[in-house]
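The primary structure of each chain is shown beneath.
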Amino acid sequence: MNRINQLFNSNKKDILSIYFCAGDPTLDGTADVIRTLEKHGVSMIEIGIPFSDPMADGIVIQNAATQALRNGMSLKLLFKQLRDIRKDVKIPLVFMGYLNPIMQFGFENFCRQCVECGIDGVIIPDLPFRDYQEQYRIIAERYNIKVIMLITPETSEERVREIDAHTDGFIYMVSSAATTGAQQDFNEQKRSYFKKIEDMHLNNPLMVGFGISNKATFQAACEHASGAIIGSKFVTLLEEEKDPEKAILKLKEALKK
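As the structure is a computational prediction, the values presented were derived from the model and not from experiment.

Here's the deal with the environment of E38
In step 1: Mapped onto the elements of the fold, E38 is located in helix 2 (residues 30-39).
In step 2: With sequence-adjacent residues up to four places away left out, E38 is seen in contact with I45, D88, V89, K90 and I91.

Set out below in structure tokens:
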């Protein structure tokens, strides 16, 4: 069974997933960040594939991607860095990246390399659902790579149910129509959106992302979903500390306040 399915089948609550951009702040630190996050109890990790035009991301992750590219990170190098990661890392690992670099690499080759490294799924924000259905789904399923789809407050109920019926792993519930970035709290409109999706009783578990940075936002997300994804806050701390150990300890402190 795919590790993503195993995680959500365990009935674990308040799941914490962390995003960071491979190659930032240092080119060779990817594996160390992953191992450190698992050691400190993170349940799932999203590894960002740096891209020059990350349209769903705010300034923090844009800057991290730019720095990673300047450092020399590429998809080919990332696969090389992760070749031995499954010797000691057990939690689900998910790539998050944009379609252009993956298409340049070749989607089937990408999935094959994911299997060789033990990558469990991929989030591609600019992959249209119809294209996924018609071109990519059959290949991803052949390699048991979960393609995770995003929904937003603007996604129709019909489309949410269609995504739920034709994907497997979890659904990434984007907290707003804006780009990524830390927020202090979620307003009533966003909380109502979380509850509306929760009340649809979908087959797939839900993870909330975009804007999670402290106890208030994490708890609000977990109230209506299996857990939450934290990106910009951790990327900022990683940039400041240059040390994944110090960064995750500071993040865990922020989640208590």
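Focus: the nonpolar core
In step 1: Grouped together as the largest cluster of nonpolar side chains are 92 residues, with contacts concentrated most on I47, F95, F110, F170 and F234.
In step 2: For this core, the element with the highest residue contribution is strand 1 (residues 15-21), accounting for six residues.
In step 3: When near neighbours in sequence (up to four residues on either side) are disregarded, F110 contacts I49, L75, F79, F95, I102, F105 and V122.

Topic: the packing of helix 7 (residues 129-142) against helix 8 (residues 157-166)
In step 1: Taken N-terminus to C-terminus, the directions of helix 7 and helix 8 make an angle of 20°; their axes are 11 Å apart at the nearest point. Classified by the angle between their axes, helix 7 and helix 8 sit roughly parallel to one another. Judged by the sense of rotation from one axis to the other, the crossing of helix 7 with helix 8 is left-handed. Of helix 8, the residues touching helix 7 (which contributes F129, Y132, Q133 and R137) are R159, E162, I163 and H166.
In step 2: The class makeup of the residues in the contact of helix 7 with helix 8 is three nonpolar, two polar and three charged.

About the thresholds
Residues numbered from 1 in each chain as written. Predicted model: local features only at pLDDT ≥ 70, side-chain atom pairs only at ≥ 80, totals over all residues. Heavy atoms only, no water. Helix = DSSP H or I, 4+ residues; strand = E, 2+ residues; numbered from the N terminus. Contact = heavy atoms within 4.5 Å. Core = buried A, V, L, I, M, F, W, Y, C linked by side-chain atoms within 4.5 Å. Buried < 20%, exposed > 50% of the residue type's maximum accessible area, 1.4 Å probe, protein only. Axes fitted to C-alpha atoms, helices over the stretch in contact; angles between N-to-C directions. Parallel < 35°, antiparallel > 145°, perpendicular 65-115°, else oblique. Left-handed = near helix turned anticlockwise from the far one by under 90°. Nonpolar A, V, L, I, M, F, W, Y, C, P; charged D, E, K, R; others polar.

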